[in-house]
Number of protein chains: 4
Amino acid sequence: MTLRVTVWNEGRHEKTDKKVQSIYPNGIHETLASGLQAHGFTVRTATLDELEHGLTDAVLAETDVLTWWGHMAHDEVEDTIVERVHQRVLEGMGLIVLHSGHFAKIFKRLMGTTCNLKWREIGEKERVWVVNPAHPIAEGLPDYFEIPASEMYGEPFGIPEPDSLVTISWFAGGEVFRSGCCYYRGQGKVFYFSPGHETYPIYHNDMVLKVIANGVRWAAPTPNTPKVTIENRPKPIEDIPIAE
Amino acid sequence: MTLRVTVWNEGRHEKTDKKVQSIYPNGIHETLASGLQAHGFTVRTATLDELEHGLTDAVLAETDVLTWWGHMAHDEVEDTIVERVHQRVLEGMGLIVLHSGHFAKIFKRLMGTTCNLKWREIGEKERVWVVNPAHPIAEGLPDYFEIPASEMYGEPFGIPEPDSLVTISWFAGGEVFRSGCCYYRGQGKVFYFSPGHETYPIYHNDMVLKVIANGVRWAAPTPNTPKVTIENRPKPIEDIPIAE
Amino acid sequence: MTLRVTVWNEGRHEKTDKKVQSIYPNGIHETLASGLQAHGFTVRTATLDELEHGLTDAVLAETDVLTWWGHMAHDEVEDTIVERVHQRVLEGMGLIVLHSGHFAKIFKRLMGTTCNLKWREIGEKERVWVVNPAHPIAEGLPDYFEIPASEMYGEPFGIPEPDSLVTISWFAGGEVFRSGCCYYRGQGKVFYFSPGHETYPIYHNDMVLKVIANGVRWAAPTPNTPKVTIENRPKPIEDIPIAE
Amino acid sequence: MTLRVTVWNEGRHEKTDKKVQSIYPNGIHETLASGLQAHGFTVRTATLDELEHGLTDAVLAETDVLTWWGHMAHDEVEDTIVERVHQRVLEGMGLIVLHSGHFAKIFKRLMGTTCNLKWREIGEKERVWVVNPAHPIAEGLPDYFEIPASEMYGEPFGIPEPDSLVTISWFAGGEVFRSGCCYYRGQGKVFYFSPGHETYPIYHNDMVLKVIANGVRWAAPTPNTPKVTIENRPKPIEDIPIAE
């Protein structure tokens, strides 16, 4: 079955910033949506300023994997929607968190840490190196690929140790960054991928789209797995002697 | 330098339940405090009903490792105190979460997951098996030790995959549980250890106390490590050519 | 494309032991092969007593995932064949190591440890618990499933910490075991699954076959990933100033 | 008790190469030994050309942590000595593998992989970034430190995913490298640290020595932990009913 992806975007920079408009004329979400459709997914979009941020129960129920881009308005995301997405991830929906989404409420909620990092915006060169070539997210990738002009994100990055670390980025100015990080959370999977910025055409880059598409496939729900619930199990294996 | 441990206890069962009073006449915190003092730590206690739950900035500033026991009143822990403890853990203070503390706000906050589990309270036998004999928390432990009567905690346990899994518990009634789990979070370390219950004398068990003491030593702050902060780094390595 | 599985079996018990013959009349490999064909794979078999143990370069070149069962004749596996399989795994071929295969040369070679364990053969009950419900190998599994009569394998198990731990087994006699362990090695993936024994009909158990089939899908090669080679890279990014 | 460190060195470059002699006049081992003594350890040295490579049973029995430097003569290390060291590590002795030791027999044996990498020797700048500030090996380290002239080691590095990744290195020429990797193996701990080369004065660098000293303390044996042995456990918990 075709995977159903919902591309979520804050969508604010696009309303006011001429440079962002020139790179993403219909919004970052539309660029990402087209890119992911080309990889064979069924894609819809949702944005902050829609009712319930476009993430109604009905939409989430029909979403296998949600991608998340936000930056200047993290605080405007309603806590009830964060709670709803959190719940869905723990029940199996995949989540791909992109770039400045590292500070999104949903990512900080899932990580339990500050998600702080270093940053610098001078359009320097980034090289994304694959460090786990066996991982499904490495499919079709070369040893590394380059992003000619990128925003630098640098270590130490305030995240839990990834369950798998797939890529590490090199920046011309002297920093490194764990740019592709996989996590299992409940019945769900989370992939953080850092390349991507509103004033650089990074989501037009085929390699970047390929990594995100691989991430979608990896994060797709595993069907029919045990649900994690608080449960009182009154009946032990019968005839087992119990200590006094 | 001697490690400074603060033993935190909800302390409610002890006020109303005769059985709990008979096992922990001065409260679970006093039993744990004595047990840890015998291992050479400087120990103080704090409880829910004290001002600021006994966890003032001053107390936390003088705490290397905090141990946490709660059960019936998780919701009464003030969010501001949870926030304060969370902050201190990310800055390096060790945290040992015990038994029903799996549902404490601070643990759920740090894990980002439900922390759900299965449970059954019939006083069955538990065997705690060591699965990482190289880990510091395994110091002085045999292959396994027994708790004659324990509350069963069973899988699936709604936690992130531990950064190190040190013990797995076997229960007579048919369940297993990842009972000793280590996590790095920010500059801090977190150890969850499940054995321990208000109506069984588990915190009088020398082996259980030994594991907790080993956990305290492992979780002690690593001095002078890099702080994880959001930081703008305007100046790259000089003379590095930047892409257009 | 259909995944191509080669089921390897030592095949010695079947030649001499009446009980094994009654349970696996055509050998463990044929039972496994039928079970995996039913999951939609293209399956061939290979055994110790064939030329090159049935694992010629040609066979391995056409194998996506190799399953390995051995017990009494680990030492008779030629080192050159072990070397060949090792090389193929590091280049991307999946490997599923079953039960007493924990002591196979190829598994010890890939793990770098003793792979020792405890064992007892009295036909006791085993319960296989899922501890990572997000993992693809957990697909379609309940919280746990039972094997009515099993050989006990117990901790401490002398393996590296798994990259993902999917199942933990409970044994009636008092032990636990990390029974489902995932590893990334080079461009390849390795899954160890402990249930299975020559004198119990465990490979006729649908749940056991389901786990192995899930393991095959998880361990399938990730296409076109970076090769891990020793490589001299004489030319750095041009114009980068080099320190004296 | 003071930790007892044995510094092992191949010691061949020093016999023939004028540049190496000028930087390490008494051999790399003596420079490392002095540096580690200054951190409070009891240090002895051993080299390839000594009887049994200086690693007799008696020496290893008195060694808490062994550091390993080799490069041009990995093949001359006797397999029996590799076997002996391997056994001791699995029994608890710490092992610190340095730089070109990535290709040492003992490291490949413990990792089970190729341990391949990319390399370039033009004396470029290396920055070592801390990515796990909670880890004991990060003690006293800044966000990063620089090595003005280093040999580049680059990804993909053919190792298992580290149990903890402590540092990542940045190289001026465009590569990244997982330069500080921790592993649990049996009852022992292994730390690989890549900075260090025979023609650069890297082992005179205080920060590099600090990391190695931190590694020694982390890798020190955990006393009295369960031994990993193959063991037949005939007697289950009594009165446990066994399935037919």
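Being a predicted model, the structure only gives us computed values, none of them experimental.

1. What to know about the overall build of chain A
Counting secondary structure elements, chain A contains seven helices and 10 strands. Taken against the 2.2 N^0.38 rule, which gives 18 Å for 244 residues, the C-alpha radius of gyration of chain A at 19 Å falls within 12% of a compact globule. Principal-axis analysis of the C-alpha atoms places the extent of chain A at approximately 70 × 40 × 35 Å. When the 244 residues of chain A are sorted by exposure, 61% land in the buried category. When contacts within chain A are restricted to residue pairs at least 6 apart in sequence, those whose partners lie at least 24 apart make up 71%.

2. Considering the interface of chain D and chain A
Listed per partner, the contact involves 20 residues of chain D and 20 residues of chain A. When residues of the side of chain D that touches chain A are traced back to their parent elements, those giving at least two are strand S5 (118-130), strand S7 (164-171) and strand S8 (176-185) of chain D. With four residues, the single largest contributor to the side of chain D that touches chain A is S7(D). Residues that form the side of chain D that touches chain A fall into these classes: 10 nonpolar, three polar and seven charged.

3. Focus on the interface of chain D and chain C
Quite often, the size of an interface is put as the accessible area lost when its parts meet. On the side of chain C, 45 residues touch chain D, which itself brings 45 residues to the contact. When contributions to the side of chain D that touches chain C are tallied by element, the ones reaching two or more residues are helix H6 (105-111), S5, strand S6 (144-154), S8 and strand S10 (231-232) of chain D. By residue class, the composition of the side of chain D that touches chain C is 22 nonpolar, 12 polar and 11 charged. Inspection of the sheet shows strand S10 (residues 231-232) of chain C paired to S5(D) by two bridges, in the parallel sense.

4. Description of the nonpolar core
Most often, soluble globular proteins keep nonpolar side chains buried together rather than apart. Ranked by internal contacts, the top residues of the largest apolar core, which has 149 residues, are B:Ile96, B:Val216, C:Ile96 and C:Val216. Once you skip the residues sitting within four places of it in the chain, B:Val216 turns out to touch B:Leu3, B:Val5, B:Leu36, B:Phe41, B:Val65, B:Gly94 and B:Ile96. Counting 148 residues, the second-largest nonpolar core is a separate cluster that includes A:Met152, D:Val43, D:Val166 and D:Ala213.

5. What to know about the pairing of strand S5 (residues 118-130) of chain B
Every other side chain in a regular strand lies on the same face of the sheet, so the side chains alternate between the two faces. Residue and element names in this part refer to chain B. Where S5 meets strand S6 (residues 144-154), eight bridges bridge the pair, whose relative direction is antiparallel. Across the sheet, residue Glu 126 finds its bridge partner in S6, namely Ile 147. Summarising the sheet, S5 and strand S7 (residues 164-171) pair through five bridges and their orientation is antiparallel. Within S7, the residue paired with Val 128 across the bridge is Ser 169.

6. So, the environment of A:Gln21
With respect to the secondary-structure elements, A:Gln21 resides in helix H2 (residues 18-23). Linking A:Gln21 and A:Gly11, residues 10 residues apart in sequence, is a C-alpha distance of 11 Å.

7. As for unusual backbone geometry
Note that the residue after A:Glu155, namely A:Pro156, is joined by a cis bond; omega there is -5°. Along the chain, A:Pro156 falls in the loop between strand S6 (144-154) and strand S7 (164-171). One non-glycine residue, D:His53, lies in the positive phi region at around 55°. Secondary-structure assignment places D:His53 in the loop between strand S2 (42-47) and helix H4 (57-61).

8. Points about helix H7 (residues 206-219) of chain C
Think of an α-helix as turning once every 3.6 residues; residues three or four places apart then point the same way. Across its 14 residues, H7(C) extends 20 Å between first and last C-alpha, which sits within 8% of the 20 Å expected from 1.5 Å per residue. Taken as a whole, H7(C) has its buried residues at C:Val208, C:Val211, C:Ile212, C:Ala213, C:Asn214, C:Gly215, C:Val216, C:Trp218 and C:Ala219.

9. Comments concerning the environment of D:Asn232
Structurally, D:Asn232 is set in strand S10. For the pair D:Asn232 and D:Lys105, spaced 127 residues apart in sequence, the C-alpha to C-alpha distance is 32 Å.

10. Overview of the relation of the copies chain D and chain A
Between chain D and chain A, which share one sequence, the superposing operator has a rotation angle of 180° and an axial displacement of 0.0 Å; the RMSD is 0.0 Å. The operation mapping one copy onto its partner corresponds to a two-fold rotation axis. A share of 100% of interface residues in chain D that are also interface residues in chain A marks the association as one of identical surfaces.

11. Things to note about the confidence of the model for chain A
Residues and elements named next belong to chain A. Residues of chain A with pLDDT of at least 70 account for 97%, and the chain-wide mean is 95. Contacts for the low-pLDDT stretch residues 240-244, under 50 throughout, to residues beyond four places or in other chains number 13 contacts. Note on the complex model: pTM 0.97, ipTM 0.96.

12. Considerations on the pairing of strand S8 (residues 176-185) of chain A
Residues and elements named next belong to chain A. Burial runs high along S8: nine of the 10 residues are buried. With five bridges connecting them, S7 and S8 associate as antiparallel partners. From the neighbouring strand, Leu 165 faces S8, where its bridge partner is Cys 181. Turn length for the S7-S8 hairpin, with the two strands adjacent in sequence and antiparallel, is four residues, and the turn residue Gly 174 shows positive phi of about 120°. Relative to strand S9 (residues 188-193), S8 is paired through six bridges, and the arrangement is antiparallel. Within S9, the position partnered with Gly 180 by the bridge is Phe 193. Once S8 ends, the chain turns through two residues before running back antiparallel as S9, passing Gly 186 with a positive phi of about 60°.

13. Considering the environment of B:Tyr144
All names here are of chain B. Checked against the element boundaries, Tyr 144 lands in strand S6. Overall, Tyr 144 belongs to the buried group, with 22 C-beta atoms counted inside 10 Å. Each C-alpha atom of the pair Tyr 144 and Glu 76 lies 36 Å from the other, and the pair is 68 residues apart in sequence. Ignoring sequence-local partners within four residues, the contact set of Tyr 144 consists of Arg 127, Val 128, Trp 129 and Val 130.

Conventions we followed
- Residues numbered from 1 in each chain as written.
- Chains lettered and ligands numbered in written order.
- Predicted model: local features only at pLDDT ≥ 70, side-chain atom pairs only at ≥ 80, totals over all residues.
- Helix = DSSP H or I, 4+ residues; strand = E, 2+ residues; numbered from the N terminus.
- Rg over C-alpha atoms; globule rule 2.2 N^0.38 Å.
- Buried ≥ 20, exposed ≤ 12 C-beta atoms within 10 Å, placed from the backbone.
- Contact = placed C-beta atoms within 7 Å.
- Nonpolar A, V, L, I, M, F, W, Y, C, P; charged D, E, K, R; others polar.
- Pairing = 2+ DSSP bridges.
- Core = buried A, V, L, I, M, F, W, Y, C linked by C-beta atoms within 7 Å.
- Expected span 1.5 Å × (residues − 1).
- Least-squares fit on C-alpha atoms with pLDDT ≥ 70 in both.
- pLDDT = per-residue confidence, 0-100.

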